[in-house]
Amino acid sequence: MRAPLITSLFAGLAVVTACESQLAATIAAPAAPALALTCFRENGHAMLAAHRGGPAAGYPENALSSLQRLADLGVLYAEIDVRRSVDGTLFLLHDDTLDRTTTGQGDAEGQDWSELSGFQLRDNDGQLTEERIPTLADAVNIARVNGVILNLDLKSVHAAEIVSFIHDHDARDLVAIIAYTVDDAAALHALDPGLVLSVPNELAALAAAGVNLETSYIWLGTGAIDASADAALAGQGLESSAGLFRREDGSAEPYLEARAAGIELLSIDNVDAAVAALGGSAQLKDQIATCAP
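Residues numbered from 1 in each chain as written. Predicted model: local features only at pLDDT ≥ 70, side-chain atom pairs only at ≥ 80, totals over all residues. Heavy atoms only, no water.

A closer look at the overall build of the protein chain
Note the following rule: Numbered from the N terminus, helices here are DSSP runs of H or I no shorter than four residues, and strands are runs of E no shorter than two. Here the radius of gyration uses the C-alpha set of atoms, whereas the globule reference equals 2.2 Å times the residue count to the power 0.38. Accessibility here uses a 1.4 Å probe with only protein chains present; expressed as a share of the type maximum, an area under 20% marks a residue as buried, one over 50% as exposed, and anything in between as partly exposed. Two residues qualify as a contact provided that any one of their heavy atoms is within 4.5 Å of a heavy atom in the partner residue. Note on areas: these come from Shrake-Rupley sampling with a 1.4 Å probe, and a residue is covered only by the protein chains present in the view.
When its secondary structure is counted, the protein chain shows twelve helices and eleven strands. For 293 residues, the compact-globule formula gives about 19 Å, and the C-alpha radius of gyration of the protein chain, at 20 Å, lands near that figure. Its C-alpha atoms put the protein chain at 80 × 50 × 35 Å along the principal axes. Residue burial in the protein chain is summarised as follows: out of 293 residues, 49% are buried. Excluding contacts between residues fewer than 6 apart, the proportion of contacts in the protein chain whose partners are at least 24 apart in sequence is 57%. By element, 54% of the accessible surface of the protein chain is carried by carbon and sulfur atoms, the whole surface being about 12,900 Å².

Now the structure itself:
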């Protein structure tokens, strides 16, 4: 009488083992943005990463409408800031406090999501909009529909929590994560070596810590553009990113210089100027389509 039960137990264990093997294979494989970055390097394309979600007049920082606007303009990466509410909801907001960009006040992480979700967003001119603070899950849905990659700047979220969120929401191909230190990068890749990370330019330390450089791109900072530094990375099959914030003056020069230097991902504030400098929305969208995995 016990044989069917034993058979059932073994069948259940086989299913669990198969699921674990499938998960192991999944996280060992590079996420889609890594393959796209390789293609951009090989084709000499420069993609844009909009700081704080690319705010503009009427479009607040870290807002869903701003993410949609980026997709419409051909901006591939949306850098967004991720925080955690008291009750565990991951939401988007840059500042430590609510005062500047919302109708709320005080500590951004000191309230439950039920309270945070009621605050409206202001644009960078202080104008009130109809939008409210979005969750990270909301942003993932926008990214999934529109092909935007969310570049996650983690303000208070630990590696295990964000990796769990990414797996639970089937979002590996929709995100990259900014790792400011070697230790941060190692903690993330210990959990999922296929995730795409922005990492500091410390190649030996990264490799020693177990960071998967094949799914990482190297942050070159916000200083002067160094074409030789990018060429050295490209010679090792690595991609790079640079921040142009300090040099953006409304002209095309900063973006063209960075593209000519071979940098694959340009982190910018002035979305409209950058899009125009790199050939316009149609050209950027064509390049993205060419390199879609």
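Quick notes on the pairing of strand S11 (residues 265-268)
Selection criterion: Paired strands, in this sense, are two strands between which DSSP finds at least two bridges. Crossovers are marked right-handed if the path from the first strand over the helix to the second runs clockwise, as seen with the strands pointing away from the viewer.
The side-chain alternation of S11 yields two buried faces, one formed by Leu265 and Ser267 and the other by Leu266 and Ile268. Taken together, the three bridges between strand S10 (residues 239-243) and S11 define a ladder with parallel strand orientation. Looking at S11, one finds that Ser241 is bridged to Leu265. Chirality of the crossover, the property in question, places the unit of S10, helix H10 (residues 253-260) and S11 among those that are right-handed.

Section: helix H6 (residues 159-168)
Quick note on the threshold: Throughout, the arc means the angular range of directions from the helix axis out to the C-beta atoms.
Listed as buried for H6 are Ala159, Ile162, Val163, Phe165 and Ile166. Taken end-on, H6 shows its buried residues confined to a sector of 155 degrees, consistent with a single buried face. Set apart from the buried face of H6 by more than 90 degrees, the exposed residues are Ala160 and Asp168. Packed against the buried residues of H6 are strand S3 (90-92), helix H5 (136-146), strand S6 (149-154), strand S7 (175-178) and helix H7 (182-191).

Re the side chain of Glu131
In plain terms, the rule: In this tally, Asp and Glu contribute negative charge and Lys and Arg positive charge; neither His nor the terminal groups of the chain are included. One side-chain nitrogen of Lys or Arg within 4 Å of one carboxyl oxygen of Asp or Glu is enough to make a salt bridge. Identification of polar contacts relies on pairs of N or O atoms within 3.5 Å, with a donor-acceptor requirement for protein atoms, meaning one able to donate a hydrogen and the other able to accept it, and with residues adjacent in sequence counted only if both atoms are side-chain atoms.
The topology assignment puts Glu131 in strand S5 (residues 128-132). Of the side chains with opposite charge, Arg132 lies nearest to the buried Glu131, which makes no salt bridge, at 9.9 Å. Among the polar contacts made by the side chain of Glu131, one reaches the main-chain amide nitrogen of Leu64 at a distance of 3.4 Å.

Re the state of the cysteines
Filter applied, for reference: Disulfide: a pair of cysteine sulfur atoms within 2.5 Å of each other.
On inspection of all chains with the given rule, the structure shows one disulfide. Here Cys39 pairs with Cys291 through a disulfide, and the sulfurs are 2.1 Å apart. On the sign convention where negative means left-handed, the S-S torsion of about -70 degrees between Cys39 and Cys291 marks this disulfide as left-handed. Here Cys291 lies in helix H12 (residues 281-291) and Cys39 lies in helix H2 (residues 32-43), a separation of 252 residues in the sequence. Comparing Cys39 with Cys291 shows no difference in burial state: the two are buried.

Some details on the nonpolar core
As a reminder of what qualifies: In plain words, nonpolar cores are sets of buried Ala, Val, Leu, Ile, Met, Phe, Trp, Tyr and Cys residues tied together by side-chain atoms within 4.5 Å.
Of all hydrophobic cores here, the largest spans 80 residues; its most connected members are Leu136, Leu150, Leu152, Ile162 and Leu266. With sequence-adjacent residues up to four places away left out, Leu266 is seen in contact with Ala46, Met47, Leu48, Ala49, Ala242, Leu244, Tyr255, Ala258 and Leu278. Of all hydrophobic cores here, the second largest spans ten residues; its members include Ala63, Leu98, Trp113 and Leu121.

Thoughts on the side chain of Glu264
Within the fold, Glu264 resides in the loop between H10 and S11. No salt bridge is formed by the buried Glu264, whose closest oppositely charged neighbour, Arg41, lies at an N-O distance of 5.0 Å. At 2.8 Å, the side chain of Glu264 and the backbone nitrogen of Ser240 are in polar contact. Those residues in contact with Glu264 that sit more than four places away from it in its chain are Leu37, Phe40, Arg41, His45, Ala46, Met47, Asp230, Glu239 and Ser240.

Some remarks on the packing of aromatic side chains
So the rule is basically this: Here a pair means two rings of Phe, Tyr or Trp (six-membered ring of Trp) with centres within 6.5 Å. Their orientation is stacked below 30 degrees between planes, edge-to-face above 60, and tilted elsewhere. As a reminder, the over-ring test applies to NZ of lysine and CZ of arginine, requiring each to be within 6 Å of the ring centre and within 35 degrees of the ring normal.
According to the stated counting rule, one finds two aromatic pairs in the structure shown. Seen in terms of ring centroids, Tyr77 and Tyr217 are 6.3 Å apart; in terms of plane orientation they differ by 85 degrees. Their pairing is edge-to-face. On the criterion of sequence distance, the pair formed by Tyr77 in strand S2 (residues 77-84) and Tyr217 in strand S9 (residues 216-219) is long-range, its members being 140 residues apart. Directly above the aromatic system of Tyr59 lies the positively charged group of Arg69, at a separation of 5.3 Å from the ring centroid.

Some points on the pattern of salt bridges
Enumeration according to the criterion identifies twelve salt bridges in this entry. Here Glu61 and Arg52 are joined by a salt bridge, their closest N and O atoms 3.3 Å apart. A relative accessible area of 6% places Glu61 in the buried class. Exposure remark for Arg52: the relative accessible area of 21% places this residue in the partly exposed category.

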